[in-house]
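# Residue-level structure breakdown
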Amino acid sequence: MKRGYGGVAIIWKKEINENIKELIDGGNRIQAIHIQQGDKPICLINVYMPSDSKNADIEYKDTLAQIDEMIEKYKDTHEIIVCGDMNGSLDRSSTPHDKILKTFCKEKCIGNTEKCPVKETFYHQNGMSKGQIDYFLFKSNSEIINKIRQIDVLDTDPENTSDHVPVILTLHSQLKKSGKSNNYHSKT
């Protein structure tokens, strides 16, 4: 991916290093970590999906296939959270990626929760388009949903030079190795 054209990162406080392990799954658009907590660890899959440009549908579907492989690999051993810039919306149906994403989520029984506000997360620099395309997605029967304290979509800020606003997930989680109760924050 060319410099300046997006990417993914997962950042955590060094105090919880012993609870985090980077997973080797995914490609240049996907990064994942194992978070040791509670009875079942979390597999956090962070993704930057291809944008809705000409001929991007094949790459979009390929990236979803990689996510699907990871979900299948970790579904029995981990709570799964998929997050990131989906470059598709669950709340509209105006682009091909919207339809592909909705179909994928329906087939895999994943989606966002009612705790996630419906609010724009992307503002195009031309000022003509905006939409909610950044999400935290969960399996519909996931126990992790009960641990969600809140999901926040921040407002635009002149100091934020990105065309996306942060989306923050706050979980109440028991970190296994340290035994301390901690709040785990992830931003997309």
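Notes on the structure follow. (Residues numbered from 1 in each chain as written. Predicted model: local features only at pLDDT ≥ 70, side-chain atom pairs only at ≥ 80, totals over all residues. Heavy atoms only, no water.)

Here the focus is the pairing of strand β2 (residues 30-35). Burial runs high along β2: five of the six residues are buried. Pairing of strand β1 (residues 20-23) with β2, which is carried by four bridges, proceeds in the antiparallel orientation. Note on β2: the bridge partner recorded for L23 is A32. In this structure, β2 lies alongside strand β3 (residues 42-48), joined through six bridges in antiparallel fashion. Across the sheet, I33 pairs through a bridge with L44, a residue of β3. In this structure, the hairpin formed by β2 and β3 is closed by a connection of six residues, where G38 is found at a positive phi of approximately 45°. (Buried < 20%, exposed > 50% of the residue type's maximum accessible area, 1.4 Å probe, protein only. Helix = DSSP H or I, 4+ residues; strand = E, 2+ residues; numbered from the N terminus. Pairing = 2+ DSSP bridges.)

Here the focus is the sheet that holds strand β5 (residues 110-111). Across the sheet, six strands lie side by side as β1-β2-β3-β4-β8-β5; this open sheet has mixed pairing. On the outer flanks of this sheet lie β1 and β5, each paired with one strand and no other.

Helices that pack against each other are described as a pair by the angle of their axes relative to one another and the distance between those axes. Between helix α1 (residues 57-74) and helix α2 (residues 96-108), the least distance of the axes is 11 Å, while the angle of their chain directions is 20°. With respect to α2, the element α1 is oriented roughly parallel. Of the two elements, α1 crosses α2, and the hand of that crossing is right-handed. Of the residues in α2, those touching α1 at D57, Y60, K61, L64, I67, D68 and I71 are P96, H97, I100, L101, F104 and K108. In terms of residue class, the contact of α1 with α2 is made up of eight nonpolar, one polar and four charged. (Axes fitted to C-alpha atoms, helices over the stretch in contact; angles between N-to-C directions. Parallel < 35°, antiparallel > 145°, perpendicular 65-115°, else oblique. Left-handed = near helix turned anticlockwise from the far one by under 90°. Contact = heavy atoms within 4.5 Å. Nonpolar A, V, L, I, M, F, W, Y, C, P; charged D, E, K, R; others polar.)

Worth remembering: the numbers are spatial, not functional.
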